[in-house]
Amino acid sequence: MVVETLERSCEGSKKRHVNGGDVAVPCSGDEFSNGDINAAPVVSAKRARVSREMTFEDIYGADALLNDDDEEEDDCDWEPVQAPVEFVNWCCVNCTMSNPGDMVHCYICGEHKESGILRHGYLASPFFKDTGLIEVEEKYGGSSSATSSTAVGFDERMLLHSEFEMKAHPHPERPDRLRAIAASLATAGVFPGRCLPINAREITKQELQMVHTSEHVDAVNTTSQLLYSYFTSDTYANEYSARAARLAAGLCADLATEIFTGRVKNGFALVRPPGHHAGIRHAMGFCLHNNAAVAALVAQAAGAKKVLIVDWDVHHGNGTQEIFEQNKSVLYISLHRHEGGHFYPGTGAADEVGTNGGEGYCVNVPWSCGGVGDKDYIFAFQHVVLPIASAFSPDFVIISAGFDAARGDPLGCCDVTPAGYSRMTQMLGDLCGGKMLVILEGGYNLRSISSSATAVIKVLLGEIPENNLPIAATPSREGLQTVLDVMNIQMKFWPSLAISYSKLLSEWEARLIENKKNQMKRKLVRVPTWWKWGRKKLLYKFLSARMISRSK
């Protein structure tokens, strides 16, 4: 969806707002404004088309059940003297879901309505009011920030980017995401403490134009003249959003330079707004500027010949793919929910491999369903991501680290754990001498995102993750089918996949044969149906077990 510019006067904008339309309210500009009010982004007249897409408001629509105003009539003539107790709905600070006012714990995630997650991060108890920390067994030691080889980029001014208009639900991409991660890192003594801070700067227009069109950069900057505006129905901006986006991109650019030149070994960009949906000329999906793309091109300007971007956000990074789909020097690999194009943003099918000479340098692993967990992701890493990445032999690695595939995320609905994220980070750490930049993308459950981000940063610090994940992961049936489909397409461009593909295909065919045999065995076990429920049901169970065991 392309940003639409306002061609009418500010007075016309206010008139539309009065009539119930979308808003574009002018405010005092800052030093980065270009003074062109007519370039202000608003939701276009194409709202009818936009509204058909699944938005976070659609996902939360079930909460209407909690706001049912229909009341049954009371036939009783007597009414109590005291006023009835009214419970006001509250939104969970952890997952943003609405809850009835008489509940103390969120009915979705179980978080206490007054938990201390914003003060202590995931180390705060989810079950009680903010009274302190849950017991932490591990001791945090190791290097200090003065000797650390891991840098973290963060600036509190990015917290000012927020949705201006108060709605029934907080927007999932909210400042509390950074607050929870920062609180977790501080409580664990990781940052500040063990990581080197990077001073923030706003990226220049010239640097942004390596990725985006001049019109797009101007449109984002124009939002600083408005109290609030929308690029799409879900992608908001306020008067501070343009600066936050410039700070986020600037931190990613400087971290890329620091890492590639060897001044630090690796880094984590704790930034917002996210970026991987932002394309060459459009903002969408909560994203304004494409931070990962900026970092990749800055690393190449510093001398990197080949850059690998691994995107494990649950949504496909359509913007990043668009930017690099014709570029053989940047390999983009994305693992995401796709479901035949029915999961946002609908792009990222396995056969989207790049165009105009860049074929094979876009690798999409499109999961066919939700609930995908650690084993499927690690299996895909072992058989797709690492073999292709090793053949590509990058000089620099960027992870677009959305944590919305994490267990408990209200939008992703998948099942990846902090142990899974730390394992994937560790697996990528052996490439190009560990020169790796991790950039925060999505993730909307505060407990999940803060624990996962902390686990990833610990791996960057050199800690060996302690988990029970098997070295050789056994995928789900759907996960195996997805990996086979991707390998079948990509081995045309990466021949090293062929041997592994043949082996996995044999295992898949063997599994199908075994499933058919089991189905036949069940059909052969036939006894009178009424035995199942009659007086001889125990005899039915006994005979069924005997017949199944003999048929094996």
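Here's what I pulled together on the structure shown here. Here the structure is a predicted model, which means the values were calculated and not measured.

### Topic: the overall build of the protein
Alright, step 1. Scanning the protein for helices and strands turns up 16 helices and 14 strands.
Alright, step 2. Split into buried and exposed, the 552 residues of the protein put 51% on the buried side.
Alright, step 3. Contacts in the protein between residues at least 24 apart in sequence constitute 73% of all its contacts with a sequence separation of at least 6.
Alright, step 4. Accessible surface for the protein amounts to roughly 25,500 Å². Of this, 53% is attributable to carbon and sulfur atoms.

### Comments concerning the packing of helix H11 (residues 374–392) against helix H14 (residues 477–490)
Alright, step 1. Taken N-terminus to C-terminus, the directions of H11 and H14 make an angle of 10°; their axes are 9 Å apart at the nearest point. Looking at the two axes, H11 sits roughly parallel to H14. Residue-level contacts link Asp376, Phe379, Ala380, His383, Val384 and Ile388 of H11 to Gly479, Leu480, Val483, Val486, Met487 and Gln490 of H14.

### Remarks on the nonpolar core
Alright, step 1. Residues Phe268, Phe396 and Phe403 are the most contacted members of the largest nonpolar core, which totals 114 residues.
Alright, step 2. Discounting residues that sit within four places of it in the chain, Phe268 has contacts with Ala151, Val152, Gly153, Leu255, Phe403, Leu437, Val438, Ala453, Val456, Ile457 and Leu460.
Alright, step 3. With eight residues, the next largest nonpolar core counts Ala219, Phe231, Ala237 and Ala245 among its residues.

### Quick look at the pairing of strand S5 (residues 150–153)
Alright, step 1. Burial of S5 is two-sided: the residues Thr150 and Val152 facing one way and the residues Ala151 and Gly153 facing the other way are all buried.
Alright, step 2. With four bridges joining them, S5 and strand S9 (residues 266–269) adopt parallel strand pairing. Paired with Thr150 across the two strands is Asn266, which belongs to S9.
Alright, step 3. For S5 and strand S6 (residues 196–198), the ladder comprises three bridges, and the chain directions are parallel. Each residue of the ladder has a partner; that of Gly153, found in S6, is Ile198.
Alright, step 4. Viewed along the sheet, the connection from S5 through helix H5 (residues 176–187) into S6 turns out right-handed.

### Looking at the environment of Arg246
Alright, step 1. Among the structural elements, Arg246 can be located in helix H8 (residues 241–260).
Alright, step 2. Residue classification places Arg246 among the buried positions, given a relative accessible area of 4%.
Alright, step 3. At a separation of 2.9 Å, a polar atom in the side chain of Arg246 contacts the side chain of Glu202.

Conventions used here
- Residue indices begin from 1 for each chain and proceed along its sequence in written order.
- Totals for whole chains, interfaces and linings use all residues, but because this is a predicted model, local features are given only for residues with pLDDT of at least 70 and pairs of side-chain atoms are given and counted only at 80 or more.
- Calculation of side-chain values draws on the structure's entire complement of heavy atoms; hydrogens and water are dropped beforehand.
- Per the convention used, a helix needs a DSSP run of H or I reaching at least four residues, while a strand needs a run of E reaching at least two, with both numbered from the N terminus.
- For the exposure calls, accessible area comes from a 1.4 Å probe over protein chains only, and a residue counts as buried if that area is under 20% of its type's maximum, exposed if over 50%, partly exposed in between.
- Residue contacts follow a heavy-atom distance rule, with two residues in contact if any of their heavy atoms lie within 4.5 Å.
- Note on areas: Shrake-Rupley with a 1.4 Å probe; residue coverage comes only from the protein chains shown.
- In this analysis an axis means a line fitted to C-alpha atoms, helices contributing only their contacting stretch, and an angle means the value between N-to-C directions, from 0 to 180 degrees.
- Should an angle lie under 35 degrees it is considered roughly parallel, over 145 roughly antiparallel, and from 65 to 115 roughly perpendicular; all remaining angles are considered oblique.
- Buried residues of nine kinds, namely Ala, Val, Leu, Ile, Met, Phe, Trp, Tyr and Cys, make up a nonpolar core once their side-chain atoms join them within 4.5 Å.
- Here the rule is simple: two strands pair whenever DSSP picks up at least two bridges between them.
- For crossovers, right-handed means that the path from the first strand over the helix to the second runs clockwise, given strands pointing away from the viewer.
- Nitrogen and oxygen atoms within 3.5 Å of one another constitute a polar contact, given that in protein one can donate a hydrogen and the other can accept it, and given that sequence-neighbouring residues count only through two side-chain atoms.

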